[in-house]
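# A structural walkthrough
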Amino acid sequence: MFSLDIRSVTKLQLFLFTVYFSQARVVDNECEGVLVGNIVHEKEKLLDVDNSPYQLAIDYDTNTLFFSFTSSKEGKSFESGYLNLKTKEFHTIDDIDGGFANAVDAMSHTIYLGAGDGVYKFNLDSKKTEYLNISNHNIWQLFYKNNLYYTTYPDELVYIYKDGKIERVPELKDTRAMLIVIDNNNNIYFSNSSGLYVHDHEVKSISTIVEYNIESLTIDTVGKIYFCTDEDIYRLVDSNKVEKIASLKQIFGLAVEKDGSLIVGLYNSIIRIKPTDKQCTVNEI
């Protein structure tokens, strides 16, 4: 059995011993791939898509990704589609015009779609949509937590559908917002053309997190918040501290799978960023 008399080693030897036995991954000094922290991640292409997949939302029960994209069809501006993240089977949702926003109620497994004339429900089994007739707003983003929230374009207002009626979200009635998520403490994170902000549920005030142009804002299954610009992906490590975790080019949308893999909408594709067993570390003492 291996034993070590710690009194007989130098500080340098002890350091080398600690580094050697703490390595759980293979050291890769070339660092090829996407780095998340210092872990090498590989890119897996899931789908080639016409243009700019945006507003990504995952139905974790069926492992299905819903998203919108710029349409190449004559007379259409945007389309809604969905992708099975396991089989890579892709379909468009053709019976709504200008589908742009997507959200999933994880408890009831209800899928909501937003378009230029309001909100729809989508049945994945029958492949049919149902117009909810709750609003005729031009929907920019949908988000679900206990109730359905949506933002509008071009006025950038935030509404909640609750108890059968639509009303403005009172915490954000004096500000603009295009993207929102709500964390486990009911803090409301939102972005507009000026940056990313948070309305603190406890102190009832709004503070600035970053002054970036945000492309996508999302939350994972355990309540961690992620967002991206067109080149970088970030994670919030507490209520207002930001950590950059990856860099890519032409990012339009972002979602997070149950295992923490990132689903990213690029200009003309959707990819999965998943960890490998390689760690990007320069072997220098």
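Here we summarise the structure given alongside this text. Numbers given to residues run from 1 along each chain, matching the order in which its sequence is written. Local features in this predicted model are restricted to residues of pLDDT 70 or higher, and side-chain atom pairs are both shown and tallied only at a pLDDT of 80 or more, whereas totals for entire chains, interfaces and linings draw on every residue. Hydrogens and waters are ignored; side-chain quantities use all the structure's heavy atoms.

## With respect to the overall build of the protein chain
The line we're drawing: Comment: elements are numbered from the N terminus, with helices defined as DSSP H or I runs of at least four residues and strands as E runs of at least two. Throughout, the Shrake-Rupley method with a 1.4 Å probe supplies accessible areas, and for residues the shown protein chains are the sole cover considered.
Scanning the protein chain from N- to C-terminus turns up 1 helix and 26 strands. Counting every atom, the protein chain has about 15,300 Å² of accessible surface; 47% of that belongs to carbon and sulfur.

## Focus: the packing of aromatic side chains
In plain terms, the rule: A pair of aromatic rings is counted whenever rings of Phe, Tyr or Trp (Trp by its six-membered ring) have centres within 6.5 Å, and the orientation is called stacked for planes under 30 degrees apart, edge-to-face for over 60 and tilted otherwise. Each residue gets one of three labels from its accessible area relative to the maximum for its type: buried under 20%, exposed over 50%, partly exposed in between, using a 1.4 Å probe on protein chains only.
Within the structure shown, the criterion is met by 18 aromatic pairs. Look at Phe 66 and Phe 122: their rings are 6.1 Å apart centre to centre, the planes differ by 70°, and that puts the pair in the edge-to-face class. Of this pair, Phe 66 sits in strand β5 (residues 64-70) while Phe 122 is found in strand β10 (residues 118-123), placing the two residues 56 residues apart along the sequence. For the pair Phe 66 and Phe 122, a shared accessibility class is recorded, and that class is buried. Centroid distance Tyr 112 to Tyr 144: 5.7 Å. Interplanar angle 5°. Geometry classified as stacked. Taken together, the residues span a long stretch of sequence, with Tyr 112 in strand β9 (residues 110-115) and Tyr 144 in strand β12 (residues 139-145) at a distance of 32 residues. A residue is classified by how much of its surface remains accessible, and Tyr 112, at 12% relative accessible area, is buried. The class of Tyr 144 is partly exposed, set by a relative accessible area of 22%. Aromatic rings pair up to connect Tyr 54, Phe 78, Phe 100, Trp 140 and Tyr 153 into one cluster.

## Re the nonpolar core
Which entries qualify depends on this criterion: Grouping buried Ala, Val, Leu, Ile, Met, Phe, Trp, Tyr and Cys residues that are joined through side-chain atoms within 4.5 Å yields what is termed a nonpolar core. Pairs of residues are marked as contacts when any of their non-hydrogen atoms sit within 4.5 Å.
Ranked by size, the top nonpolar core spans 30 residues in total, and within it Ile 180, Leu 196 and Phe 227 carry the most contacts. Ranked by the residues each element gives to this core, the list is headed by strand β16 (residues 179-182), at 4 residues. Among all residues touching Phe 227, those that are not within four sequence positions of it are Leu 196, Val 210, Tyr 212, Ile 214, Ser 216, Leu 217, Asp 232, Ile 233, Tyr 234, Leu 236, Val 242 and Leu 254. Residues Val 34, Ile 245, Leu 254 and Ile 271 belong to the second largest nonpolar core, which totals 16 residues.

## Examining the side chain of Gln 55
What counts here: As used in this structure description, the phrase polar contact means that two N or O atoms lie within 3.5 Å; if the pair is within protein, one of them must be able to donate a hydrogen and the other to accept it, and residues adjacent in sequence are counted only when both atoms belong to side chains.
Tracing the backbone shows Gln 55 in strand β4 (residues 54-59). A polar contact is formed between the side chain of Gln 55 and the backbone oxygen of Trp 140, at a distance of 2.4 Å. Beyond its immediate stretch of four places on either side in the chain, Gln 55 contacts Phe 66, Phe 67, Ser 68, Phe 100, Ala 101, Asn 102, Trp 140, Gln 141 and Leu 179.

## Overview of the pairing of strand β17 (residues 188-192)
Keep this limit in mind: Being paired, for any two strands, means DSSP has found at least two bridges between them.
With 5 of 5 residues buried, β17 lies mostly within the body of the structure. Burial along β17 is two-sided: Ile 188, Phe 190 and Asn 192 facing one way and Tyr 189 and Ser 191 facing the other are all buried. Across 4 bridges, the pairing between β16 and β17 is antiparallel. From the neighbouring strand, Leu 179 faces β17, where its bridge partner is Ser 191. Count of turn residues in the β16/β17 antiparallel hairpin: 5 residues, of which Asn 186 carries a positive phi of about 65°. Here β17 runs beside strand β18 (residues 195-200); their pairing, made up of 5 bridges, is antiparallel. Along β18, the bridge assignment pairs Tyr 189 with Val 198.

## A look at the side chain of Asn 192
Residue position: Asn 192 is located in strand β17. Classification of Asn 192 as buried rests on a relative accessible area of 7%. Here the side chain of Asn 192 touches Ser 194 through a polar contact of 2.8 Å, landing on its backbone nitrogen. Excluding residues within four positions of it along the chain, Asn 192 makes contact with Glu 156, Thr 175, Arg 176, Ala 177 and Tyr 197.

## What about the sheet that holds strand β19 (residues 205-210)?
Worth spelling out the cut-off: Note on method: axes are straight lines fitted to C-alpha atoms, helices fitted across the in-contact stretch only, with angles between N-to-C directions ranging 0 to 180 degrees.
Ordered by their spatial adjacency, 4 strands build an open sheet running β16-β17-β18-β19, and the pairing between neighbours is antiparallel. Taken across any chain shown, the strands that pair with only one partner, and hence form the sheet edges, are β16 and β19. The average angle at which neighbouring strand axes cross in this sheet is 25°, direction not considered. Bridge count for β18 against β19 is 5 bridges, and the pairing is antiparallel. What sits directly across from Val 198, in β19, is Ser 207.

## Considerations on the sheet that holds strand β15 (residues 165-168)
As summarised here, the arrangement of the 4 strands in space is β12-β13-β14-β15, forming an open sheet in which the pairing is antiparallel. The outermost strands of the open sheet, each flanked by one partner alone, are β12 and β15. Geometrically, the sheet is characterised by an average inter-axis angle of 25° between neighbouring strands, direction not taken into account. As paired elements, strand β13 (residues 147-152) and strand β14 (residues 158-162) share 4 bridges and run antiparallel to each other. Of the residues in β14, the one forming a bridge with Leu 148 is Tyr 161.

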